[in-house]
Amino acid sequence: MSDLLADIFGVDPSSEETMLAVRQLDSDSDFLNQMILERYKTYDDPADFAEKIGVSLERLEEFETDPLDFDLMFIRQYAHALDLFINHEVVPASVLHEQPQPHVNNRLVTDLLATYRSAWKTRAPRDPRDLYIEKAS
């Protein structure tokens, strides 16, 4: 079966470039998801947290529903209010290519997009060992 979006945009779902992009999305999704879970544990009332970070409840809910489209400034503000430190790690792609490929080798691009959009509804990190958030000391 052909992936219509991949065909239209000329993307090879099994290429190293695509796999790198998928791994980047996985990494981003994991740390954002863990941060949102921390907010749930720390603040029962989202309105209180929205007020603490100076945004509307609507904006907070938008972020917690689909955080991949938010700017870094908002993410830092959110993490700071939770007393979290975000540790970015830069790794050469060649090192990633030596590691086993993620579980998405033969999935369609449209399936990947649907997976990332629906993952935010469950709000559970996929693999906590891959998360890069540390409590600030």
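Note that residues are indexed from 1 along each chain, following the sequence as it is written. Reporting of local features is limited, given that this is a predicted model, to residues whose pLDDT is at least 70; pairs of side-chain atoms are given and counted only at 80 or more, and all residues count toward the totals for whole chains, interfaces and linings. Heavy atoms throughout the structure, all of them, feed into the side-chain values; hydrogens and water do not.

Turning our eyes to something else, we now look at the packing of aromatic side chains. Centres within 6.5 Å are what make two rings of Phe, Tyr or Trp a pair, Trp counting through its six-membered ring; a difference in plane orientation under 30 degrees is then read as stacked, over 60 as edge-to-face, and the rest as tilted. For the structure shown, the criterion picks out 7 aromatic pairs. Look at phenylalanine 63 and phenylalanine 70: their rings are 5.1 Å apart centre to centre, the planes differ by 80 degrees, and that puts the pair in the edge-to-face class. A centroid spacing of 5.0 Å and a plane angle of 45 degrees characterise the contact between phenylalanine 70 and phenylalanine 74, whose relative ring orientation is tilted. Three exposure classes are used, based on accessible area relative to the maximum for each residue type with a 1.4 Å probe and protein chains only: buried under 20%, partly exposed in between, and exposed over 50%. The exposure class assigned to phenylalanine 70 is buried, which follows from its relative accessible area of 15%. Put simply, the rings of Tyr43, Phe49, Phe63, Phe70, Phe74 and Tyr78 touch in pairs and so form one group of aromatic residues.

Taken together, the side chains of Asp44, Asp45, Asp48 and Glu51 make up a negatively charged region of the molecular surface. Counting from the N terminus, the helices are DSSP H or I runs at least four residues long and the strands are E runs at least two residues long. Relative to the helices and strands, aspartate 48 resides in helix H3 (residues 46–53). Nonpolar side chains (Val, Leu, Ile, Met, Phe, Trp, Tyr) are joined into patches within 5 Å and like charges within 9 Å, using only residues with over 30% relative accessible area and no salt bridge. Residue exposure ignores everything except the shown protein chains as possible cover, and the areas themselves are Shrake-Rupley values with a 1.4 Å probe. The term salt bridge refers to a side-chain nitrogen of Lys or Arg lying within 4 Å of a carboxyl oxygen of Asp or Glu. In this count, Lys and Arg are taken as positive residues and Asp and Glu as negative ones, while His and the chain termini are left out. To locate a charge, the coordinates of NZ of Lys, CZ of Arg, CG of Asp or CD of Glu are taken.

All right, on to the nonpolar core then. Core analysis: the biggest nonpolar cluster contains 20 residues, and Met35, Phe49, Ile53, Phe63 and Tyr78 have the highest contact counts within it. Secondary structure elements with two or more residues in this core: helix H2 (16–42), H3, helix H4 (57–65), helix H5 (72–81) and strand E1 (84–86). Among the elements that make up this core, the one with the highest residue count is H5 (5 residues). In contact with tyrosine 78, not counting residues within four places along its chain, are Met35, Ile36, Arg39, Phe49, Ile53, Leu60, Phe63 and Glu64. Throughout, nonpolar core names a set of buried Ala, Val, Leu, Ile, Met, Phe, Trp, Tyr and Cys residues whose side chains join them through atoms within 4.5 Å. Any pair of residues with heavy atoms lying within 4.5 Å of one another is described as a contacting pair.

Angles here are taken between N-to-C directions and fall from 0 to 180 degrees, while the axes themselves are lines fitted to C-alpha atoms, restricted in helices to the stretch in contact. One way to put it is that H2 packs onto H5 with a least axis distance of 10 Å and a crossing angle of 40 degrees. When the axes of H2 and H5 are compared, the pair comes out oblique. Between H2 and H5 lies a crossing whose hand is left-handed. Facing H2, whose interface residues are Phe31, Leu32, Met35, Ile36 and Arg39, H5 presents Ile75, Tyr78 and Ala79. Each residue gets one label: Ala, Val, Leu, Ile, Met, Phe, Trp, Tyr, Cys and Pro are nonpolar, Asp, Glu, Lys and Arg are charged, and the others, such as Gly, are polar. A class-by-class count of the residues in the contact of H2 with H5 yields 7 nonpolar, no polar and 1 charged. When an angle is under 35 degrees it counts as roughly parallel; over 145 it counts as roughly antiparallel; between 65 and 115 it counts as roughly perpendicular; any other value is oblique. For any helix crossing, the convention is left-handed if the near helix is rotated counterclockwise from the far helix by under a right angle, and right-handed if that rotation is clockwise.

This paragraph deals with the confidence of the model for the protein chain. Put simply, the protein chain has an average pLDDT of 76, and 68% of its residues get 70 or more. What pLDDT expresses is the predictor's confidence in each residue, scored from 0 to 100. Element-level mean pLDDT values for the protein chain span from 43 in strand E2 (residues 133–135) up to 96 in H3. Every residue in residues 102–110 is under pLDDT 50, and counting partners more than four places away or in other chains gives 19 contacts. The low-confidence segment residues 119–137 (pLDDT under 50) makes 50 contacts with residues lying over four places distant or belonging to another chain.

Now for unusual backbone geometry. One non-glycine residue, aspartate 83, lies in positive phi territory at about 60 degrees. With respect to the helices and strands, the residue aspartate 83 is situated in the loop between H5 and E1.

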